[in-house]
Amino acid sequence: MEKSALQMARAAYQPKLPKALQGPVQAKEGAATQSVGNQEEIKALFPNTYGMPVVEFVPAESENNKAINVGIILSGGQAPGGHNVVSGLYDGVKSLNKESKLYGFLMGPGGLVDHKYIEFTDEYIDEYRNTGGFDIIGSGRTKLEKESQFESGMEIIRKLGINAIVIIGGDDSNTNACVLAEYYAAKQYGVQVIGCPKTIDGDLKNEQIETSFGFDTACKTYSELIGNIQRDCNSARKYWHFIKVMGRSASHIALECALQCQPNVCLVSEEVEAKQMSLDDVVAYIAKAVADRAADGNNFGTVVIPEGLIEFIPAIKKLIAQLNEVLTDPATGESRVFGSAEEQIDFVLNNITSDNKAVLESLPADVKRQLCLDRDPHGNVQVSLIETEKLLSAMVAKKLGEWKAAGKYNGKFSAQHHFFGYEGRCAAPSNYDADYCYSLGYNASRLISNGKTGYMSVIKNTTAPAAEWIAGGVPITMMMNIERRNGANKPVIRKALVELEGAPFKYFASKREEWAKQTCYVYPGPIQYWGPTEVCDQCTRTLALEQGK
Ligand code: FBP
């Protein structure tokens, strides 16, 4: 593989490890745990993996150094740092015993089911150290949830003598990891399953997980781009830029970018829902910011929009919930199959309530179509396909036109549109993500050598220097509750949305009026790998504020 000079220099970077993982470890176990909700139901569903203690690794004189064979799977959307989880795990299993082997299942969970894999070697791993992307083995969104898949996986696990599977994924994939761990434990197959918290969306976090990996780098990449746009915007002074950023549901990415860049407007879906705002309320809110700036002669600005916004507008949320119900076949729990798109739309229109039908009919034709048709394998509406940035700017233009006719606004409004998603998902990891991911992978090897299954690899205290980070594991059942998904009640990891009482949102809320009216842009610039630690190693503003830093 040909490399740039930067890539070559970056390949030589040795990620930092917590002090506790720099030598032999032993597991310090806490008290028995409970799930975050529906304790009795979760306990009944996971009798073999429920209630296990939180584990912290502390230095020891020696450790179990039996050779282990491990298989790793990258699941779901790409997130910067995935390659370092793999290299950290590789170095971790080899540090236990040189005879240990690491296998990579290809193109996501489907690789385990279909027996598509590679065995990692030093040369192979070295090509990918500190690089972005998931191309080391590829990723996929196949759901691991059926007994036939688990059994098919067992065939290759037995053939390769694999002791443990590590699944790198978001809340859905780690939920599936937990189900797989429980299944193998119940069958006494002797195969461990460990999860790793991944997603740029930042919504796999809780009291035990400080952040999901990739969030840091993706937000820094988007913030660099937003900063560049703001500088252009402040130079030309003639456009309003509508910038949508990824984040399927939660608005953590939008909020973090706002904290880094100080745009004129940033919408937070969770607030829109809490305030029961309609689409028209959201449009009026943006239009007011445009009109207020126009009154000062500033016919330019930036609006940051979270990808999942549409789903949080209460009337649309109600509609989506019913669409998910009617498009699921109750007999199989799978999506209904239709002969054509038109047939599917007709079916939807004939099977939803009149209220929901009115909301659906009020939306532009392309948005209506996307809501009716597009779903991912987990049954989620594919919000990334809805061009919210264009929808909102068109509606703002219309509202400003009405205000102009009524003599309430006298400015110029011209919009540019951007969607930042794929630009950041495979970026080369920041030092934070490079170190965090390597530690998560290395730590997973110790969870395995200590016999753990149904655990998520966890690294805490990450606002401190890496040497002081705390390594350990948390039972995945501890993060679960029952939620309605795809027309059925399911045990799932609770998704972390933006908390309106949390420090990051409160800080943003205390500043946003000033940022709206004045031009307070910050231009964060590109991610730096070498230089002063406050430039190169800092975590996100979200994490710093959450930890009172
Ligand atoms: P994960 O939750 O799987 O990490 O994916 C996150 C994400 O990047 C979302 O921000 C986005 O909505 C989605 O993936 C898009 O996925 P795809 O490219 O598969 O449509």
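Asker: I'd love a proper account of the overall build of the protein, names of residues and values included.
Answerer: Summing up its helical and strand segments, the protein has 22 helices and 15 strands in all. Here the protein has a C-alpha radius of gyration of 24 Å; the compact-globule value for 549 residues is 24 Å, and the two agree. Counting only C-alpha atoms, the protein reaches 80 × 60 × 45 Å along its principal axes. For the protein, the proportion of its 549 residues judged to be buried stands at 58%.

Asker: Quick rundown of the state of the cysteines? Include the residues and the values.
Answerer: Counted by the stated rule, this structure contains zero disulfides. Lacking any disulfide linkage, C266 is separated from the closest cysteine sulfur, that of C257, by 8.1 Å. According to the relative accessible area criterion, C266 is buried, its value standing at 3%. Of all cysteine sulfurs in the structure, the one in C261 sits closest to C520, which takes part in no disulfide; the separation is 13 Å.

Asker: Can you tell me about the side chain of N69, naming the residues and giving the values?
Answerer: Among the structural elements, N69 can be located in strand β3 (residues 69–74). A distance of 3.4 Å separates a polar atom in the side chain of N69 from the backbone nitrogen of K101. Among the polar contacts listed, one links the side chain of N69 to the backbone oxygen of G161, at a separation of 3.2 Å. The contacts of N69, once residues within four sequence positions are left out, are E99, S100, K101, Y103, L160, G161, I162, N163 and A164.

Asker: Please give an account of the pattern of salt bridges that cites residues and values.
Answerer: Applying the stated criterion to the full structure yields 26 salt bridges. The partner of K506 in a salt bridge is E501, and the shortest N-O contact between them spans 3.4 Å. Classification of K506 by relative accessible area gives partly exposed; the value is 45%.

Asker: Could you give an account of helix α19 (residues 431–449), with specific residues and numbers?
Answerer: With 19 residues, α19 extends 27 Å between its outermost C-alpha atoms, agreeing within 8% with the 27 Å of an ideal straight helix rising 1.5 Å per residue. Counting buried positions along α19 gives 19 out of 19 residues, so the element sits mostly inside the fold. Positioned one or two residues after α19, G451 has a phi angle of 80°, which is positive.

Asker: Mind laying out the site of the ligand, listing which residues take part and the relevant values?
Answerer: Lining the immediate environment of the ligand, one finds 14 residues, of which G77, R141, D201, E307 and Y422 sit closest. In the model, an oxygen atom of the ligand is placed 3.0 Å from a nitrogen or oxygen of the T199 side chain. E307 is positioned with one of its side-chain polar atoms (N or O) 3.0 Å from an oxygen atom of the ligand. Bound to the protein, the ligand loses 86% of the 490 Å² it would expose on its own. In the shell around the ligand, the residues fall into three nonpolar, five polar and six charged.

Asker: Before we move on, could you go through the sheet that holds strand β11 (residues 415–420) and cite the residues and values that matter?
Answerer: Strand order across the open sheet formed by four strands is β9-β10-β8-β11, with parallel pairing between neighbours. Every interior strand has two partners, whereas the edge strands, β9 (265–266) and β11, have only one.

Asker: Explain unusual backbone geometry to me, and be specific about the residues and the numbers.
Answerer: With phi around 45°, N38 is a residue other than glycine that occupies positive phi space. Residue placement: N38 occurs in the loop between β1 (25–29) and α2 (39–45). Positioned with a positive phi, Q276 is a non-glycine residue whose angle comes to about 55°. Mapped onto the elements, Q276 comes out in the loop between α10 (269–274) and α11 (279–295). Take Q276: its relative accessible area is 59%, and that puts it in the exposed class.

Asker: Lay out the packing of helix α3 (residues 82–96) against α19 with the relevant residues and their values.
Answerer: Where α3 contacts α19, the axes come no closer than 7 Å and their chain directions differ by 40°. By the angle between their axes, α3 is oblique relative to α19. For the crossing formed where α3 meets α19, the hand is right-handed. Mapping the contact onto sequence places N84, V85, S87, G88, L89, D91, G92, V93, S95 and L96 in α3 and A434, C437, Y438, G441, Y442, A444, S445, R446 and S449 in α19.

Asker: Can you explain the sheet that holds strand β2 (residues 55–59)? Please cite residues and give values.
Answerer: Across a sheet, strands are paired by hydrogen bonds formed along the backbone, either parallel or antiparallel in direction. Here we have nine strands laid out as an open sheet, ordered β1-β2-β13-β12-β7-β6-β3-β4-β5, and mixed in their pairing. The open sheet terminates on both sides in strands that have one partner only, identified here as β1 and β5 (117–119). Sheet twist, expressed as the average angle between the axes of neighbouring strands with direction ignored, equals 30°. Sheet analysis places β3 next to strand β6 (residues 164–169), joined by five bridges and oriented parallel. Residue G71 lies in a different strand from β6, and its bridge partner there is I165.

Asker: How would you explain α3 if you had to name every residue and give the values?
Answerer: Along its 15 residues, α3 runs 22 Å from first to last C-alpha, staying within 8% of the 21 Å computed at 1.5 Å per residue. Of all 15 residues that make up α3, 13 are buried, and the element is covered over most of its length.

Asker: An account of the environment of K511 is requested, with residue identities and associated values reported.
Answerer: The residue K511 is located in helix α20 (residues 503–517) in this model. The spatial distance from the C-alpha of K511 to the C-alpha of Q262 is 8.6 Å, given a sequence separation of 249 residues.

Asker: An account of the packing of aromatic side chains is requested, with residue identities and associated values reported.
Answerer: The relative placement of two aromatic rings is captured by the distance of their centres and the angle of their planes. Evaluation of the coordinates by the stated rule reveals 17 aromatic pairs. Taking the centre distance of 5.9 Å and the plane angle of 75° together, the rings of Y529 and W530 count as edge-to-face. Residue Y529 is classed as buried on the basis of its relative accessible area, which comes to 13%. Connected via pairs of aromatic rings, a cluster forms that spans F150, Y183, Y184 and Y189.

Parameters at a glance
Residues numbered from 1 in each chain as written. Predicted model: local features only at pLDDT ≥ 70, side-chain atom pairs only at ≥ 80, totals over all residues. Heavy atoms only, no water. Helix = DSSP H or I, 4+ residues; strand = E, 2+ residues; numbered from the N terminus. Rg over C-alpha atoms; globule rule 2.2 N^0.38 Å. Buried < 20%, exposed > 50% of the residue type's maximum accessible area, 1.4 Å probe, protein only. Disulfide = S-S within 2.5 Å. Polar contact = N/O pair within 3.5 Å; in protein donor to acceptor, adjacent residues only side chain to side chain. Contact = heavy atoms within 4.5 Å. Salt bridge = Lys/Arg side-chain N within 4 Å of Asp/Glu carboxyl O. Expected span 1.5 Å × (residues − 1). Near = heavy atom within 4 Å. Areas by Shrake-Rupley, 256 points an atom, 1.4 Å probe, with all protein chains shown as cover. Nonpolar A, V, L, I, M, F, W, Y, C, P; charged D, E, K, R; others polar. Pairing = 2+ DSSP bridges. Axes fitted to C-alpha atoms, helices over the stretch in contact; angles between N-to-C directions. Parallel < 35°, antiparallel > 145°, perpendicular 65-115°, else oblique. Left-handed = near helix turned anticlockwise from the far one by under 90°. Phe/Tyr/Trp six-rings, centres within 6.5 Å; stacked < 30°, edge-to-face > 60°.

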